[in-house]
Amino acid sequence: MCTFGCRTCKSQPDCEGCSPKCCSPCISYCIFDLESAVFDTRHVYRKALKELVRCYDKRIPDILHVQSGPMTISEMSELFCRKLDIPMSWESFRYELNERTSHLIANPPFMDGIERLVPHLRNSCMELGLITSSNEANYCSKIRGREDFFENFSTVVCADDPELRAPKPEPDVYLIAMSRLGDAGPDCTLVFDGTPKGVQAASDARLPVIMLAEKDLPCCWSELAALRFEYLDDFEPEMYNLPPFTDPAPKRRSSRRRTRYSQRLTVIRARAAEAAAAEEAEAEEEEPAEPPPPAALPSILNLRE
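The structure displayed is predicted, hence computed values, not measured ones.

Conventions we followed
Counting starts from 1 at the beginning of each chain's written sequence and moves along it residue by residue. Per-residue local features of the predicted model are confined to residues with pLDDT of at least 70, and side-chain atom pairs are confined, for both listing and counting, to 80 or more; whole-chain, interface and lining totals are unaffected and use all residues. The basis for every side-chain value is the complete set of heavy atoms in the structure, and neither hydrogens nor water enter the calculation. We call a set of buried Ala, Val, Leu, Ile, Met, Phe, Trp, Tyr and Cys residues a nonpolar core when their side-chain atoms join them within 4.5 Å. The buried label goes to any residue with under 20% of its type's maximum accessible area, the exposed label to any with over 50%, and the partly exposed label to all in between, with areas taken from a 1.4 Å probe on protein chains only. The numbering of helices and of strands both runs from the N terminus, where a helix is a DSSP run of H or I of at least 4 residues and a strand a run of E of at least 2. The contact criterion used is simple: two residues touch if any of their non-hydrogen atoms lie within 4.5 Å. Every definition here rests on a 1 Å grid over the protein atoms only: cavities are sets of points where a 1.4 Å probe fits but cannot get out, pockets are open sets enclosed by protein on both sides within 12 Å along at least five of seven lines, and lining residues have some atom within 4 Å of a point. Grid points are joined across faces, edges and corners, and a volume is the space filled by probe spheres set on the points. Any residue that is not Ala, Val, Leu, Ile, Met, Phe, Trp, Tyr, Cys, Pro, Asp, Glu, Lys or Arg is counted as polar, Gly included; the first ten are nonpolar and the last four charged. Two cysteine sulfur atoms make up a disulfide if the distance between them is within 2.5 Å. Just so you know, the domain bounds were taken from an automatic or database domain assignment. When DSSP locates at least two bridges between a pair of strands, those strands are taken to pair. Axis lines are fitted through C-alpha atoms, for helices just across the contact stretch, and the angle between N-to-C directions can take any value from 0 to 180 degrees. Call a crossover right-handed when, viewed with both strands pointing away from you, the route from the first strand across the helix to the second goes clockwise.

Regarding the nonpolar core
Part 1: Phe 32, Val 38, Phe 150 and Phe 192 are the most contacted members of the largest nonpolar core, which has 34 residues in total.
Part 2: Mapped by element, the contributors of at least two residues to this core are β1 (29-33), α1 (34-38), α6 (114-122), β2 (127-131), α8 (147-150), β4 (189-193), β5 (209-212) and β6 (227-229).
Part 3: Here this core takes 4 residues from α6, the largest share from any one element.
Part 4: Leave out the neighbours within four places in its chain, and Phe 150 touches Leu 34, Val 38, Phe 39, Phe 110, Leu 130, Tyr 139 and Ile 143.
Part 5: Listed in part, the 24 residues of the second largest apolar core include Val 173, Ile 176, Val 191 and Ala 225.

Side note on empty space enclosed by the protein
Part 1: Here the structure, examined in full by the defined rule, presents 1 cavity of 30 Å³ or more.
Part 2: Roughly 50 Å³ of internal volume is contained in the largest cavity.
Part 3: Every residue along the wall of the largest cavity is listed here: Gly 113, Arg 116, Leu 117, Leu 232, Asp 233, Phe 235 and Phe 245.
Part 4: Residue composition of the lining of the largest cavity, by class: 4 nonpolar, 1 polar and 2 charged.

Points about the state of the cysteines
What makes a disulfide is a covalent bond joining the sulfur atoms belonging to two cysteines.
Part 1: Counting across every chain of the model gives 0 disulfides.
Part 2: Not engaged in a disulfide, the cysteine Cys 219 finds its nearest cysteine sulfur in Cys 220; these two sulfurs lie 7.6 Å apart.

Some words on the layout of surface pockets
Part 1: Its boundaries defined by the atoms lining it, the largest pocket holds a volume of some 1400 Å³.
Part 2: Lining the largest pocket are 45 residues, with Tyr 45, Met 71, Ile 73, Ser 133 and Thr 195 sitting closest to its centre.
Part 3: Looking at the lining of the largest pocket, the element that brings in the most residues is helix α5 (residues 90-106), giving 5 residues.
Part 4: Across the lining of the largest pocket, the residue classes break down as 20 nonpolar, 16 polar and 9 charged.
Part 5: For the lining of the largest pocket, the two domains that each supply at least three residues are domain 1 (29-40 + 109-243) and domain 2 (41-106).

Considering the sheet that holds β5
Part 1: Spatial strand order, β3-β2-β1-β4-β5-β6: 6 strands in an open sheet with parallel pairing. Each of the sheet's edge strands pairs with one partner strand only, and the pair in question is β3 (155-157) and β6. Taking each pair of neighbouring strands and ignoring which way they run, the sheet shows an average axis angle of 20 degrees.
Part 2: As paired strands, β4 and β5 are joined by 3 bridges and run parallel to one another. From the neighbouring strand, Phe 192 faces β5, where its bridge partner is Ile 210.
Part 3: Packed onto the sheet, helix α9 (residues 172-180) meets β1, β2, β3 and β4 and runs at close to 160 degrees relative to β3.
Part 4: Sheet contacts for helix α10 (residues 196-204): β4 and β5; angle to β5, the most-contacted strand, approximately 180 degrees.

Some words on the pairing of β4
Part 1: Most of β4 is tucked away: 5 of the 5 residues are buried.
Part 2: Here β4 shows two buried faces, one formed by Thr 189, Val 191 and Asp 193 and the other by Leu 190 and Phe 192.
Part 3: Sheet topology places β1 next to β4; 4 bridges connect them, and they run parallel. Bridge pairing in β4 places Cys 30 opposite Leu 190.
Part 4: Traced from β4 through α10 to β5, the parallel crossover comes out right-handed.

Here is the structure:
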């Protein structure tokens, strides 16, 4: 296996198991969003919201969960106070919501599959970047006790970074991460993000993005994503011509179901194989056919007749 950072070696045996970038242009850099692609915080706010509105004998309609998906905490607090007629200001609602989520956000669980994917990419000669909506102090608090895992990332862009002028959905955070990864560019960088604003930001930076979204998130909010999955362990490196996993896939929980996008990918692959077979058949038909053998000469008996 090549050493990390290899970009010029040409010997195929030496490059076995490495990112194809070291031998040909391909994905060689990945950028992950901490809160939506590394940590699984998708259900934290939903759980806290349900508990908070229950104190006022309110119930959250599913449509409000959907509408609040791409919103900030302030926008979400204002929406719920107004739609549910909660007898408090949205600023107070936001404060209580933050209080309920602070202990969960401070030590969030890993996204399923991330502890397998990140070391695999790092060991495949790839450079990894990380972005976060937390300031540097909160970031250090969140990763406490898990520093070994985060050493896989060669650069981290926090919310209080001096170069960051505008948050998502502006593309600044991804542009900064690319600039710090060295030769990273739109043609060789892949993004993992789980929010509509993050997908918009990556798209505006002209980066392909894989969205990790809840199954009930409307399709229109993931139209800019190259692929959409509900779980990170649905992602297969071969989808982007990356080295495949060498260890067996973990057993999937019985309650899980692949998202329609994962299923659609299987259909696309099958159609691509059928199209390739059809093209091959057409190419064979277009080849000049061998001239037919000359017709047999009439027999002397036939000539006499």
